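# Geometric and topological summary
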Amino acid sequence: MQLHRDTTKLRKTCLSWALFGVLAWGAARLVEVKPDHLYHNRASFYEFLGVTIVAVSLVAWLMLLLPFLIEVDSRGLTVRLRGVTTRLPWESVEALTVTEIAESWHLDIRLAPGMKLGGRLPSKRDGQRVYTLLPMDEFTVAPDEVIAALQRCGGDKIDAEQYLQHLAARRTLARFVAEYNAEQRRTAAEKGGGSSAGTDLRQGAESPE
């Protein structure tokens, strides 16, 4: 199975920032030709800031065009990051873990000593080299499908228990809220219907036959 990154939202964000940079640059140019403007002396700085925002946004947008791919099979993983492809047999993978980082859940990979993953810089956790691959909500398929595909081939190398518990708790809460809201609407409708019926009855009683 192939797991891809969903970059639609990120590309839109990059383009939005680029547009903001263009507008900032344009506003700074207008201020520059008005010597009596309050921000005239800072116009060149805002022009530079606008150009920088545009440049960074477009570079980020172009980087998103590079494919992100994790191909999972019974022999291991093929990971393509930023144009670099790395083949990782299961023997070289110590663990694939879903961990929480800054209130977001990410898929991490820990490799055997001497193994490296191209296209990513590792971090040290508990003295071991760990690569963060992608936030779980940025795959093109649901997180459950990502974990299921990894577990089918990777077995006990996949540690996603905490994340699955987190998903279950969120779904239970969402279901409770939906049922509560439905009950509230049903109660409100029944009260409204009863009130309407009572009004109709009263109007009927007051009307001459």
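The structure presented is a predicted model; accordingly, all values stated were derived computationally and were not measured.

Scoring rules and cut-offs
- Residues numbered from 1 in each chain as written.
- Predicted model: local features only at pLDDT ≥ 70, side-chain atom pairs only at ≥ 80, totals over all residues.
- Heavy atoms only, no water.
- Helix = DSSP H or I, 4+ residues; strand = E, 2+ residues; numbered from the N terminus.
- Rg over C-alpha atoms; globule rule 2.2 N^0.38 Å.
- Buried < 20%, exposed > 50% of the residue type's maximum accessible area, 1.4 Å probe, protein only.
- Contact = heavy atoms within 4.5 Å.
- Areas by Shrake-Rupley, 256 points an atom, 1.4 Å probe, with all protein chains shown as cover.
- Pairing = 2+ DSSP bridges.
- Axes fitted to C-alpha atoms, helices over the stretch in contact; angles between N-to-C directions.
- Core = buried A, V, L, I, M, F, W, Y, C linked by side-chain atoms within 4.5 Å.
- Patch = residues over 30% accessible without salt bridge, like charges linked within 9 Å, V, L, I, M, F, W, Y side chains within 5 Å.
- Salt bridge = Lys/Arg side-chain N within 4 Å of Asp/Glu carboxyl O.
- Parallel < 35°, antiparallel > 145°, perpendicular 65-115°, else oblique.
- Left-handed = near helix turned anticlockwise from the far one by under 90°.
- Nonpolar A, V, L, I, M, F, W, Y, C, P; charged D, E, K, R; others polar.

## A look at the overall build of the chain
- On a plain count of helices and strands, the chain comes out with 4 helices and 9 strands.
- Seen in sequence order, the chain has helices and strands lined up from the N terminus as β-α-α-β-β-β-β-β-β-β-α-β-α.
- Its C-alpha atoms give the chain a radius of gyration of 28 Å, more than 25% over the compact-globule value 17 Å for 209 residues.
- Over its C-alpha atoms, taken along the principal directions, the chain stretches across nearly 95 × 70 × 30 Å.
- Looking at the chain residue by residue over its 209 residues, the buried ones come to 30%.
- Counting contacts in the chain only where the partners sit at least 6 residues apart, residues at least 24 apart contribute 51% of the total.
- Working note: accessible area of the chain is about 13,900 Å², and carbon and sulfur atoms make up 58% of it.

## Comments concerning the sheet that holds strand β8 (residues 128-135)
- If you trace the 5 strands from one edge of the open sheet to the other, you get β7-β8-β6-β5-β9, paired in mixed fashion. Whereas interior strands pair on both sides, the edge strands pair on one side only; in this sheet they are β7 (123-125) and β9 (158-159).
- Pairing of strand β6 (residues 104-111) with β8 involves 5 bridges; the strand directions are antiparallel. Note that in β8 the partner of I109 across the bridge is Y131.

## As for the pairing of strand β5 (residues 93-101)
- In the sheet, β5 pairs with β6 via 8 bridges, with the strands oriented antiparallel. If you follow I101 over to β6, its bridge partner there is S104.
- Taking the residues between adjacent antiparallel strands as the criterion, β5 and β6 are bridged by 2 residues, where A102 takes a positive phi near 50 degrees.
- In this structure, β5 lies alongside β9, joined through 2 bridges in parallel fashion. Paired with L96 across the bridge in β9 is I158.

## What about the sheet that holds strand β1 (residues 2-4)?
- The strand order across the open sheet built from 4 strands is β1-β2-β3-β4, with neighbouring strands paired in antiparallel fashion. Two strands in the sheet have a free side with no partner beyond their single neighbour: β1 and β4 (84-89). Neighbouring strand axes in the sheet, compared pairwise and without regard to direction, differ in orientation by 15 degrees on average.
- Bridging between strand β3 (residues 76-81) and β4 involves 6 bridges; their strand directions are antiparallel. If you follow G76 over to β4, its bridge partner there is P89.
- Packed on one face of the sheet, helix α3 (residues 143-154) meets β1, β2 (69-73) and β3 and runs near 40 degrees to β2.

## Quick word on the nonpolar core
- Ranked by size, the top nonpolar core spans 29 residues in total, and within it I70, L77, L96 and I109 carry the most contacts.
- Those elements that provide at least two residues to this core are β2, β3, β5, β6, β8, α3 and α4 (161-206).
- Ranked by residue count, the leading element in this core is β6, at 4 residues.
- The contacts of I109, once residues within four sequence positions are left out, are L77, L88, V93, A95, L96, L117, R129, V130, Y131 and L133.

## Section: a nonpolar patch on the surface
- Judged by side-chain polarity, L38, Y39, F45, Y46 and L49 come together as a nonpolar surface patch covering roughly 520 Å² of accessible area.
- With respect to the helices, strands and loops of the structure, F45 is situated in helix α2 (residues 43-65).

## A word on the pattern of salt bridges
- According to the stated counting rule, one finds 7 salt bridges in the structure shown.
- Of the charged contacts, one joins R5 and E138 as a salt bridge, the two residues approaching to 2.9 Å between their closest N and O atoms. One end of the pair, R5, is in the loop between β1 and α1 (8-32); the other, E138, is in the loop between β8 and α3, with 133 residues separating them in the sequence.
- Ionic contacts of the salt-bridge type, sharing partners, join the residues R29, E32 and E47 into one network.

## Re the packing of α1 against α2
- Closest axis-to-axis distance for the α1/α2 pair is 8 Å, and the angle between their directions is 160 degrees. Compared by their axis directions, α1 and α2 come out roughly antiparallel. Remark: the crossing between α1 and α2 carries left-handed chirality.
- Partitioned by chemical class, the residues of the contact of α1 with α2 number 21 nonpolar, 3 polar and 4 charged.

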